[in-house]
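# Secondary and tertiary structure notes
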Amino acid sequence: MNHDAYDNAYITGILNSVKTIAMVGASANDVRPSYFVLKYLLGKGFSVFPINPGQAGKEILARMTYARLADVPEPIDMVDVFRGSVAVPGIVEEVLRLDPLPKVIWMQLGVRNDEAAARAEAAGIKVVMNRCPKIEYGKLSGEIGWTGVNSGVLSSKKPLMRPGFQSFGVRQK
């Protein structure tokens, strides 16, 4: 797969298919990007599990924090990586030991490791690199927020609402 550009349908498919997200590198510091991405995803109805060995056993945004992916008590659909690119191979190795395997490994802005991505994709896991699910969700849902208004998908049409949460949801095209 070409990881230099992603089709909107690929990202939309991922965001519509995942329910549980393990965020590796989640921070309890409310000014860190991982903190407000965690808060945003929780607000959109995702079940997010913070992964941070230094915070294990404590709560971040009322969610129990775990030391490693294998400690999460339920199957994970997506692993969101908030660690440097050099940490990605070890995280992918940890992901490949999970049963069942997650559907997606998502590497945050500035995080890219092509070799680790190829290894994950060989195991049937979708990979997104150098992107933020918060930004992509905002862009693809047409919502106005921190992501700005120049998303190319703003419309005067009534938004399609998801059941349970007051959220625009990511639109299928």
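So, here's what we can say about the structure. (Residues numbered from 1 in each chain as written. Predicted model: local features only at pLDDT ≥ 70, side-chain atom pairs only at ≥ 80, totals over all residues. Heavy atoms only, no water.)

### A short note on the nonpolar core
Grouped together as the largest cluster of nonpolar side chains are 49 residues, with contacts concentrated most on Leu-69 and Met-107. The element contributing the most residues to this core is helix 2 (residues 33-43), with 5 residues. Residues within four places of Leu-69 in sequence aside, it is in contact with Ala-22, Val-24, Ile-51, Ile-76, Val-79, Ile-91, Glu-94, Val-95 and Leu-98. (Core = buried A, V, L, I, M, F, W, Y, C linked by side-chain atoms within 4.5 Å. Buried < 20%, exposed > 50% of the residue type's maximum accessible area, 1.4 Å probe, protein only. Helix = DSSP H or I, 4+ residues; strand = E, 2+ residues; numbered from the N terminus. Contact = heavy atoms within 4.5 Å.)

### With respect to the sheet that holds strand 7 (residues 126-128)
The strand order 2-1-5-6-7 describes an open sheet built from 5 strands, whose pairing is parallel. Strands at the two margins of the open sheet, each flanked by one partner only, are strand 2 (47-51) and strand 7. Neighbour to neighbour, the strand axes of the sheet diverge by 20° on average, direction disregarded. Judged from the 3 bridges that link them, strand 6 (residues 104-107) and strand 7 form a sheet pairing that is parallel. When the sheet's bridge partners are listed, Ile-105 is paired in strand 7 with Val-127. Contacts between helix 2 and the sheet are confined to strand 1 (20-24), strand 2 and strand 5 (78-81), with strand 1 contributing the most and set at about 175° to the helix. (Pairing = 2+ DSSP bridges. Axes fitted to C-alpha atoms, helices over the stretch in contact; angles between N-to-C directions.)

### Some thoughts on the pairing of strand 5
By the alternation rule, side chains of strand 5 split into Met-78 and Asp-80 and Val-79 and Val-81, which are all buried. The sheet contact formed by strand 1 and strand 5 spans 4 bridges and is parallel. When the bridges of strand 5 are listed, Val-24 appears paired with Val-81. Bridge count between strand 5 and strand 6: 4 bridges; the pairing is parallel. What sits directly across from Asp-80, in strand 6, is Trp-106.

### Focus on helix 5 (residues 133-141)
Here helix 5 lies mainly inside the structure; 7 of its 9 residues are buried. On the buried face of helix 5, the contacting elements are helix 1 (8-17), helix 2, strand 5 and strand 6. Two residues or fewer past helix 5, Gly-142 is found with a positive phi of approximately 80°.

### Looking at the pattern of salt bridges
For the structure shown, the criterion picks out 6 salt bridges. The residue Arg-119 makes a salt bridge to Glu-93 at a minimum N-O spacing of 2.5 Å. Of this pair, Arg-119 sits in helix 4 (residues 114-122) while Glu-93 sits in helix 3 (residues 88-96), placing them 26 residues apart in sequence. Salt-bridge contacts for Glu-136 lead to Arg-131; the nearest nitrogen and oxygen are separated by 3.7 Å. This pair shows no difference in class: Glu-136 is buried, exactly as Arg-131 is. Three or more residues joined by partner-sharing salt bridges are found here, namely Asp-4, Arg-112 and Asp-114. (Salt bridge = Lys/Arg side-chain N within 4 Å of Asp/Glu carboxyl O.)

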